[in-house]
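The chain contents come next:
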Amino acid sequence: MSIPPSRPAPVGAQGKPTLKDPQEIEDFLLYRLFRITHVGLRGTDDMYKRELGISRREWRLLAYLARTPDASLKALAADAGIDVVVASRTVADMHSRGLVDKRRSPGNKRLVCLRLTDDGVQIHGKAKLMAAAYNR
C-alpha cells in the first residue's frame, strides 16, 4: 500500500495552519495523526517481516502472550484490540510455525490456553529489542 503524495497544509490569512477551521482532509488532526501512524507502522512492519519473518499483528499478539501466558483466545483478542476471528487465524498460523502452544485448561476442558513456545519467546525478545531501537 503506497502513501499518496502529500501537499502542504493550507494556511489561513495570518499564515497559521487551519486546524481550528479545517477545510480540506489534510486540515483535520485525526487525518494527520493517521498519516504519521501509517508511516511509522509501515516501517516497523517491513522491519519485522525482513528480520524476523513475522507481521506487526503477530508481534502484537506475541507481546500480549509474553505478558499474559495461558490467555484464552478471546482474552488475547480483546487485550490486543483485534477481532476474535482475525486473532484466531493469526494464532493458528503462529501455532503451525511453532511460535504459540495451545493447551486445554485443566479447569475447563472447552477452554484453550495460549502460551509462547521457546521459539516464540526468542522471536518476541528480538522483536522487543528491535521495537525499542525503532522507538528511540
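Among the surface-exposed residues, Leu19, Leu29, Leu30, Leu33 and Ile36 lie close enough to one another that they form a single nonpolar patch of about 520 Å² accessible area. Summarising the element assignment, leucine 30 is placed in helix α1 (residues 29-52). In this structure leucine 30 comes out as exposed when scored by relative accessible area, which is 68%.

The subject of this paragraph is the sheet that holds strand β1 (residues 71-72). The 3 strands lie next to each other as β1-β3-β2, forming an open sheet whose pairing is antiparallel. If you trace the sheet from one side to the other, it starts and ends with β1 and β2 (100-104), each paired once. As paired elements, β1 and strand β3 (residues 112-116) share 2 bridges and run antiparallel to each other. Directly across from serine 72, in β3, lies its bridge partner cysteine 113.

Generally speaking, soluble globular proteins have nonpolar side chains that are buried together. One finds Tyr48, Ile54 and Val100 to be the most contacted residues of the largest nonpolar core, which totals 24 residues. Looking at this core, the elements that each hand over two or more residues are α1, α2 (56-67), α3 (73-80), α4 (84-96), β3 and α5 (118-135).

On to the packing of α2 against α3, then. In contact at an axis separation of 10 Å, α2 and α3 are set at 115 degrees when each is read in the N-to-C sense. As judged from the angle between their axes, α2 and α3 are roughly perpendicular. Classified by chirality, the crossing of α3 by α2 is right-handed. The segment α2 lies against α3, with Arg60, Leu61, Tyr64 and Leu65 engaging Leu76, Asp79 and Ala80. Here the residues of the contact of α2 with α3 are counted per class, giving 5 nonpolar, no polar and 2 charged.

Cut-offs applied
- Residues numbered from 1 in each chain as written.
- Predicted model: local features only at pLDDT ≥ 70, side-chain atom pairs only at ≥ 80, totals over all residues.
- Heavy atoms only, no water.
- Patch = residues over 30% accessible without salt bridge, like charges linked within 9 Å, V, L, I, M, F, W, Y side chains within 5 Å.
- Areas by Shrake-Rupley, 256 points an atom, 1.4 Å probe, with all protein chains shown as cover.
- Salt bridge = Lys/Arg side-chain N within 4 Å of Asp/Glu carboxyl O.
- Helix = DSSP H or I, 4+ residues; strand = E, 2+ residues; numbered from the N terminus.
- Buried < 20%, exposed > 50% of the residue type's maximum accessible area, 1.4 Å probe, protein only.
- Pairing = 2+ DSSP bridges.
- Core = buried A, V, L, I, M, F, W, Y, C linked by side-chain atoms within 4.5 Å.
- Axes fitted to C-alpha atoms, helices over the stretch in contact; angles between N-to-C directions.
- Parallel < 35°, antiparallel > 145°, perpendicular 65-115°, else oblique.
- Left-handed = near helix turned anticlockwise from the far one by under 90°.
- Contact = heavy atoms within 4.5 Å.
- Nonpolar A, V, L, I, M, F, W, Y, C, P; charged D, E, K, R; others polar.

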